[in-house]
Amino acid sequence: MLYKYHCACCEEALPSYNKACPKCGSHHIRSPINLWVFCVVTCFAAVLVFKLVHIYIEDTQDTQTQPFILDVLNQDNTHAPKK
Ligand SMILES: [Zn+2]
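What you are looking at is a predicted structure, and each value in this text was computed from that prediction instead of being measured.

Reading the values: rules and limits
Residue positions are given per chain, counted from 1 along the sequence in the order it is written. In keeping with the predicted nature of the model, local features appear solely for residues at pLDDT of at least 70, side-chain atom pairs appear and are counted solely at 80 or more, and the whole-chain, interface and lining totals rest on all residues. No hydrogens and no water enter the side-chain calculation; it runs on all heavy atoms of the structure. By the criteria applied, helices consist of DSSP H or I runs no shorter than four residues and strands consist of E runs no shorter than two, each listed in order from the N terminus. Throughout this description, buried means an accessible area under 20% of the type-specific maximum (1.4 Å probe, protein chains only), exposed means over 50%, and partly exposed covers the range between. Contacts between residues were defined by any pair of non-hydrogen atoms, one from each residue, lying within 4.5 Å. The accessible surface values rely on the Shrake-Rupley method and a 1.4 Å probe; as for residues, cover is taken only from the protein chains in view. Any nitrogen, oxygen or sulfur atom within 2.8 Å of a metal ion counts as a donor, with the limit raised to 3.2 Å for Na, K and Ca, and since water is left out, coordination shells can look unfinished. For a four-donor site, all angles between 85 and 135 degrees give tetrahedral; for four or six donors, opposite pairs above 155 degrees with the remaining angles between 65 and 115 give square planar or octahedral; all remaining cases count as irregular. Whenever a carboxyl oxygen of Asp or Glu lies within 4 Å of a side-chain nitrogen of Lys or Arg, that contact is scored as a salt bridge.

Peer 1: Can you explain the overall build of the chain? Please cite residues and give values.
Peer 2: Along the chain, the regular secondary structure elements total one helix and three strands. Along the chain, helices and strands appear, N-terminal first, in the series β-β-β-α. Sorting the 83 residues of the chain into buried and exposed places 7% on the buried side. Long-range pairs, those at least 24 residues apart, make up 23% of the contacts in the chain with a sequence separation of at least 6. Carbon and sulfur atoms provide 66% of the accessible area of the chain, an area that totals close to 7,400 Å².

Peer 1: Talk me through the coordination of the zinc ion; I want residue IDs and the actual numbers.
Peer 2: With distances of 2.2 to 2.4 Å, the protein atoms coordinating the zinc ion are C7 (SG), C10 (SG), C21 (SG) and C24 (SG). Classification of the site at the zinc ion rests on its four donor atoms, whose angles at the metal span 103 to 119 degrees, yielding the label tetrahedral. All donors to the zinc ion come from one chain, and their sequence spacing reads C-x2-C-x10-C-x2-C. Of this pair, C7 sits in strand β1 (residues 5-7) while C24 is found in the loop between β2 (13-14) and β3 (29-30), placing the two residues 17 residues apart along the sequence. By relative accessible area, C7 is classed as buried at 0%.

Peer 1: Before we move on, could you go through the pattern of salt bridges and cite the residues and values that matter?
Peer 2: Following the criterion strictly, the structure yields two salt bridges and no others. Salt-bridge contacts for R30 lead to E11; the nearest nitrogen and oxygen are separated by 2.8 Å. One end of the pair, R30, is in strand β3; the other, E11, is in the loop between β1 and β2, with 19 residues separating them in the sequence. We classify R30 as partly exposed; its relative accessible area is 42%. Take E11: its relative accessible area is 45%, and that puts it in the partly exposed class. With a closest N to O distance of 3.5 Å, K23 and E12 form a salt bridge. With K23 in the loop between β2 and β3 and E12 in the loop between β1 and β2, this pair connects stretches of sequence that are 11 residues apart.

Quick look at the structure:
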């Protein structure tokens, strides 16, 4: 399982109920929760940035197409009086 505690001294995988490493006797047990929280936060941030970029691109595309249509209309208006 990925969800395992590890000894900070010898990297021994420990069950969650162990308060000390049976191999080296160290009490420095690293919790896997920090890693999971980091992964979840990173994934959430990545999704958020992706969404924001997607919205930004859609916004810029909308503002780019609108002046383009206006330019076409203006060109038609400038050509129209010459007829
Ligand atoms: Zn250990």
